[in-house]
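Fold and geometry: a report
Here's the letter readout for the chains.
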Amino acid sequence: MSLTRPHRHRSRTRDFVTPEGVNLRLRLAGGSERAIAFAIDAAIIVVALITLTILASAVLSGGGGEAAAIIWLIGFFLLRNFWFIGFESGQRGATPGKRLMKLRVVARDGARLTGGAVVVRNAMREIEVFLPLQFLAVEAATSDLDALIGLLGLAWSGLFLFFPLLNRDRMRIGDLLAGTWVVHVPEARLLPDLAATQDAGPRRHFDERALRLYGIYELQTLEKVLRQGREDSISRVAATIRAKAEIPDDGEDDAAFLNDYYAALVAYLESELVMGRPTDTKHGRRTT
Amino acid sequence: MSASLPAPAPARAHSTLFREAREAEWMRLDALLQRIEKRSIRSLSDEELMALPVLYRAALSSLSIARETALDAALVAFLEQLSTRAYFHVYGVPETGRAQLRRFFAAGWPRAVRAIVPETLGALVLSVMGAILGFAMVTGDPAWFYALIPEGLAGGRNPGASAEVLRAALYTRQQDGLSVFAAYLLTHNSQVALFCFALGFAFGAPTALLLLYNGMILGAFYAVYAKAGLAFELTGWLMIHGTTELFAILLAGAAGFRIGRAIAFPGGMRRMDAAVVAGRTAGPVMGGVVIMLIVAGALEGIGRQLVTADGARYAIAAGMLLLWTGYFYLWRRGDAERR
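Throughout, residues of each chain are indexed from 1 in the direction in which the sequence is written. Ligands are numbered from 1 and chains lettered from A, in the order in which they are written. Given that this is a predicted model, residues contribute local features only at a pLDDT of at least 70 and side-chain atom pairs are listed and counted only at 80 or more, while totals for whole chains, interfaces and linings are drawn from all residues.

With respect to the overall build of chain A
Numbering of helices and strands runs from the N terminus; a helix is a DSSP stretch of H or I covering at least four residues, while a strand is a stretch of E covering at least two. On a plain count of helices and strands, chain A comes out with eleven helices and four strands. Exposure is read from a count of other C-beta atoms within 10 Å of each residue's own; the residue is exposed at 12 or fewer, buried at 20 or more and partly exposed in between. C-beta atoms are placed from the backbone. When burial is assessed residue by residue, chain A has 33% of its 288 residues classed as buried. A fraction of 63% describes how many contacts in chain A between residues 6 or more apart in sequence connect residues 24 or more apart. A pair of residues counts as a contact when their C-beta atoms, built from backbone coordinates, are separated by no more than 7 Å.

In structure tokens, the structure reads:
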């Protein structure tokens, strides 16, 4: 049981109930993760075009300049559109950049992601990314009135670009219209069970008074401390627990002591939980 | 004191027991998912494919139990991500490409196009208005031509050019088959189509301007060629791919209008839901627009270079127009099928 999250809506976690009735609590991708994913994709596309250009000019000795222009005109247009549409309508629902960042495009209502939705969300990229770029080009290339128009256009199209930062769900305009959002699905490994009996020997025994000092919140903080394994925090926490439970420091290893305490506390709190007496924090049951 | 005696049989935590009992099936699911993610779902055997939903439901049930009874935060986090990854492979995956394509061509595309007929007519009216306007402006004062048409798009075809130059632009066969100029025109027009759609989001106003402007460019060229007495020939040159390309631009604009309309006037729905519904109609239309643009590109790059006779050009233009209108508005086989 994880703790209730009072700011569920402000956070990036969203309720997402499967047909089986289990809430998966999806985590939305953040703006920076998505920006990085896009930068990776853009880099791959540009590198591919450069390679293609070099190849073409090697093969066509002579008309290389013309071929290069055609490659950049058509190739860039095709790649920037079909790269995203092609990969996202595949099984992974993600471009290579998104895959690297562990992101995935998902239909907001939990249904299948349709090809149409993918086309819509990527056709919108034209005004989100390439329209600002074009206004930027106008800005750089000309002067006077054109520059002013370019500047206004840049500000206007910048609204589209920064749209994801202006809504809670971090949706692009394309996401909004296509009914999709981008979620972060990390590949977590099952970490070892800290409470499992170790071969090293019997665990320490703690009496109930020592175990009643803390609640679930403190337990999970202790779990974090143990998993991070930083020595200074481990010894500090061990000292605090010893002082509170009035256990003398008999010179044993702090980490082993904490591990034993953790195992005992998990067993105690879980049995209380199953009996319907959850202890949320050291102050007891939280009144909600 | 409290802590010294070793317990005879240390009480084992519930989450430890739970983990021991279920860990094997989680690991099996994790291994299957990793294979799907690394390679593809086709790398699974039939037996493994059948096991996937079963293992997924087992993981979900483990997650529910763990959330209520286990205090090992890492365990809950693992089960959450395992269930989520499995969910997307069990429910979230699109249909196979072939099934989706078949449905798209048989029903989805023409039905979506039929759903936006009013917007399509609106886009057509705007374009025609723009064309008339552009024609009138350049006929009245040829200087307007330079204001309307960017240098790159004109490609030497301007009011000062002689009839021979203009004629040559229509019939000269490029050596490479596809010149830089043709490539530029192709991407320019495809981008106009995408912009027409995407800018519909801003309540449709920029789309209307873009359609109007695109019409004006067309009208301006006509004015130049009409003065040289080549309007008939220009139509052949333009429409061999233009019936497809301009149609695609109209449909893209219409899809944009549909979205702008849904956002401006959501009716009884929430604005966001209205946008999603409009997006669902626009999706197949835009998928189709992409296909039409590819066809137009092929006609422009290859067809126009090979076919230089006016009659043949007109025949292809009319044929394509008939094909599209017939397919979109007359061929209703798809309606009988379920949605």
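We are not done yet, so read on.
A few points about the domain arrangement of chain A
Here chain A is described as being made up of domain 1 (13–184) and domain 2 (192–288). Here the bounds of each domain stem from an automatic or database domain assignment. The C-alpha-based centres of domain 1 of chain A and domain 2 of chain A are spaced at 48 Å.

Overview of the packing of helix 10 (residues 205–227) of chain B against helix 11 (residues 231–264) of chain B
Residue and element names in this part refer to chain B. Axis definition: a line fitted to C-alpha atoms, over the contacting stretch in the case of helices. Angles run 0 to 180 degrees between N-to-C directions. Packing of helix 10 against helix 11 brings their axes to within 10 Å, and their N-to-C directions diverge by 170°. Our classification of the angle between helix 10 and helix 11 gives roughly antiparallel. Across the interface between the two elements, Thr 207, Leu 211, Asn 214, Phe 221, Tyr 222, Tyr 225 and Ala 226 of helix 10 pack against Ala 231, Leu 234, Ile 249, Gly 253, Gly 256, Phe 257 and Gly 260 of helix 11. Of the residues that constitute the contact of helix 10 with helix 11, the class distribution is nine nonpolar, five polar and no charged. When describing relative orientation, an angle under 35 degrees is termed roughly parallel and one over 145 degrees roughly antiparallel, while 65 to 115 degrees is termed roughly perpendicular and anything else oblique. In the scheme used here, Gly and all other residues not listed as nonpolar or charged are polar, with Ala, Val, Leu, Ile, Met, Phe, Trp, Tyr, Cys and Pro taken as nonpolar and Asp, Glu, Lys and Arg as charged.

Things to note about the interface of chain B and chain A
The partner chain A presents 72 residues to the 73 residues of chain B that form the contact. Looking at the side of chain B that touches chain A, the elements that each hand over two or more residues are helix 1 (14–38), helix 2 (46–69), helix 3 (73–90), helix 4 (97–115), helix 9 (180–198) and helix 12 (271–306) of chain B. The element best represented in the side of chain B that touches chain A is helix 3 of chain B, accounting for twelve residues.

Comments concerning the pairing of strand 3 (residues 103–107) of chain A
Residue and element names in this part refer to chain A. Burial analysis of strand 3 places four of its five residues in the buried class, which makes it a mostly covered element. Direction of pairing for strand 3 relative to strand 4 (residues 180–184): antiparallel, over a ladder of five bridges. When the sheet's bridge partners are listed, Val 106 is paired in strand 4 with Trp 181. Here, any two strands with at least 2 DSSP bridges between them count as paired.

What about the packing of helix 9 of chain B against helix 10 of chain B?
Residue and element names in this part refer to chain B. With their axes 8 Å apart at the nearest point, helix 9 and helix 10 run at an angle of 150° to one another. Between helix 9 and helix 10, the crossing angle belongs to the class labelled roughly antiparallel. When the axes of helix 9 and helix 10 are compared, the crossing they make is left-handed. Residues Val 192, Phe 195 and Cys 196 of helix 9 form the contact with helix 10, whose participating residues are Thr 207, Leu 210, Leu 211 and Asn 214. Grouping the amino acids of the contact of helix 9 with helix 10 by side-chain chemistry returns five nonpolar, two polar and no charged. Each crossing is labelled by how the near helix is turned from the far one, with a counterclockwise turn of less than a right angle marking it left-handed and a clockwise turn marking it right-handed.

Brief notes about helix 1 of chain B
Given 3.6 residues per helical turn, the α-helix brings residues three or four places apart onto the same face. With 25 residues, helix 1 of chain B extends 34 Å between its outermost C-alpha atoms, agreeing within 8% with the 36 Å of an ideal straight helix rising 1.5 Å per residue. By the largest-angle criterion, B:Arg22 marks the main kink of helix 1 of chain B, which is about 55°. Summarising the contacts, the buried residues of helix 1 of chain B are in contact with helix 11 (254–274) of chain A together with helix 2 and helix 3 of chain B. Expected helix span is computed as 1.5 Å times (number of residues minus one). Two axes enter the definition of the bend at a residue: one is fitted to the seven residues ending there, the other to the seven starting there, and the bend is the angle between them.

A short note on unusual backbone geometry
Residues and elements named next belong to chain A. Its identity as a non-glycine residue notwithstanding, Arg 25 has a phi of 50°, on the positive side. Judged by C-beta crowding, with 18 C-beta atoms within 10 Å, Arg 25 ranks as partly exposed. Non-glycine residue Lys 102 carries a positive phi angle of around 60°. As for its position among the elements, Lys 102 is in the loop between helix 3 (96–100) and strand 3.

A word on helix 2 of chain B
Residues and elements named next belong to chain B. For helix 2, spanning 24 residues, the distance from its first C-alpha to its last is 35 Å, which sits close to the expected 34 Å at 1.5 Å a residue. Along helix 2, the sharpest change in direction is near 30° and occurs at Leu 52; proline Pro 53 comes one to four residues later. Of the surrounding elements, those touching the buried residues of helix 2 are helix 1 and helix 3.

Section: the domain arrangement of chain B
As far as domains go, chain B holds domain 1 (14–93) and domain 2 (98–336). Averaged C-alpha coordinates put domain 1 of chain B and domain 2 of chain B at centres separated by 50 Å.

Notes on the confidence of the model for chain B
Residue and element names in this part refer to chain B. Counting all residues, the mean pLDDT for chain B is 83, and 90% of those residues have values of 70 or more. Every residue carries a pLDDT, the predictor's confidence in it, which falls somewhere between 0 and 100. Low pLDDT, under 50, characterises residues 1–9; the stretch is placed with 19 contacts to residues that sit more than four places away or in other chains. Both confidence scores are given for the complex: pTM 0.80, ipTM 0.82.

Considering the confidence of the model for chain A
Low-confidence regions, as indicated by low pLDDT, have predicted coordinates that should not be scrutinised in detail. All names here are of chain A. Residues with a pLDDT of 70 or more make up 88% of chain A, whose mean pLDDT is 80. Per-element mean pLDDT across chain A ranges from 75 in helix 5 (residues 125–141) up to 91 in helix 3. In this model residues 1–8 is a low-confidence stretch, pLDDT under 50, and it forms ten contacts with partners more than four residues away in sequence or in other chains.

Concerning the environment of B:Glu164
Examined against the element boundaries, B:Glu164 turns out to sit in helix 8 (residues 163–171). The spatial distance from the C-alpha of B:Glu164 to the C-alpha of B:Ala228 is 9.1 Å, given a sequence separation of 64 residues.

What about the environment of B:Ala274?
Residue and element names in this part refer to chain B. Among the secondary structure elements, Ala 274 is positioned in helix 12. C-alpha of Ala 274 to C-alpha of Val 180: the two residues are 94 residues apart in sequence and 42 Å apart in space. When residues no more than four places from it in sequence are discounted, the contact partners of Ala 274 are Ala 262, Ile 263, Pro 266, Gly 267 and Met 269.

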